[in-house]
Amino acid sequence: MDSFQKRVNIKLRTVIEDNGQKEYNDQIQSGNYFRKKDLDVLIFEEKLDDGSIIKNLITIQKQKVSINRSGAIIMNQKFKANQLTENIYHHAHGKIHMETFTETIAYKVASDSVEGHLTINYNVQLNGQDKRKHKLELIYKEEENQ
């Protein structure tokens, strides 16, 4: 099966470590999962407290992940193992220059069902400030039929 689409439940957790303090951001979303050859894609929307919507498109390949966000926040962040990448994070209060050094990318996909687990460990430097350690953990699983 070269390509297909499924509805999935998505759990996304980011952990930011700054001087021994850890900040957690958890979200659970419903979205779409697509597979096309060696490319996996997740698409979902998140609704902010003010009611605005952010569309998320995550593409996963071996040792390369891209997160595109559009709407209230605009960002195109790329992760490549052992490489430095840059992007601009656009939000209501302005723009932030981001430098991201990706340490590791681990991606496991179940062979008998539509589910996967992505972990990215990386460091981010915002507008030239001190680097902060980040961990992104994303788990998706096909929605059960109602």
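To be clear, the structure that these remarks concern was listed above.
In this text, all values refer to a predicted model and were calculated from it rather than measured experimentally.

1. With respect to the overall build of the chain
When you go through the chain residue by residue, the secondary structure sums to zero helices and 10 strands. For the chain, the sequential pattern of α-helices and β-strands runs β-β-β-β-β-β-β-β-β-β. Here the C-alpha atoms of the chain give a radius of gyration of 16 Å, agreeing with the 15 Å that 2.2 N^0.38 yields for 146 residues. Once the C-alpha set of the chain is aligned to its principal axes, its extents read approximately 45 × 35 × 25 Å. Contacts in the chain between residues far apart in sequence, at least 24 positions, make up 34% of those at least 6 positions apart.

2. A look at the nonpolar core
Formed by 26 residues in total, the largest nonpolar core has its most connected members in L42, V65 and L138. Put simply, the parts of the chain that give this core at least two residues each are strand 1 (3–18), strand 3 (39–47), strand 4 (53–61), strand 5 (64–71), strand 6 (75–80), strand 8 (94–109), strand 9 (115–126) and strand 10 (132–142). Excluding residues that lie within four positions of it along the chain, L42 makes contacts with V8, I10, N32, Y33, N56, L57, I58, I60, L138 and Y140.

3. Describing the environment of G128
Tracing the chain through its elements places G128 in the loop between strand 9 and strand 10. The sequence separation of G128 and E99 amounts to 29 residues, and the corresponding C-alpha distance is 8.3 Å.

4. Observations regarding the pattern of salt bridges
On inspection of all chains with the given rule, the structure shows six salt bridges. Of the charged contacts in the structure, one is a salt bridge between R13 and D26, with a shortest N-O distance of 2.6 Å. Taken together, the residues R13 in strand 1 and D26 in strand 2 (residues 21–36) connect sequence positions 13 residues apart. Look at R13 and you get partly exposed, because its relative accessible area is 34%. Taking the shortest distance from any N to any O, the salt bridge between K133 and E103 comes out at 3.4 Å. In this pair, K133 is assigned in strand 10 and E103 in strand 8, connecting sequence segments 30 residues apart. The class for K133 is partly exposed, based on a relative accessible area of 39%.

Calculation rules
- Residues numbered from 1 in each chain as written.
- Predicted model: local features only at pLDDT ≥ 70, side-chain atom pairs only at ≥ 80, totals over all residues.
- Heavy atoms only, no water.
- Helix = DSSP H or I, 4+ residues; strand = E, 2+ residues; numbered from the N terminus.
- Rg over C-alpha atoms; globule rule 2.2 N^0.38 Å.
- Contact = heavy atoms within 4.5 Å.
- Core = buried A, V, L, I, M, F, W, Y, C linked by side-chain atoms within 4.5 Å.
- Buried < 20%, exposed > 50% of the residue type's maximum accessible area, 1.4 Å probe, protein only.
- Salt bridge = Lys/Arg side-chain N within 4 Å of Asp/Glu carboxyl O.

On their own, these measurements won't tell you what the molecule is for.
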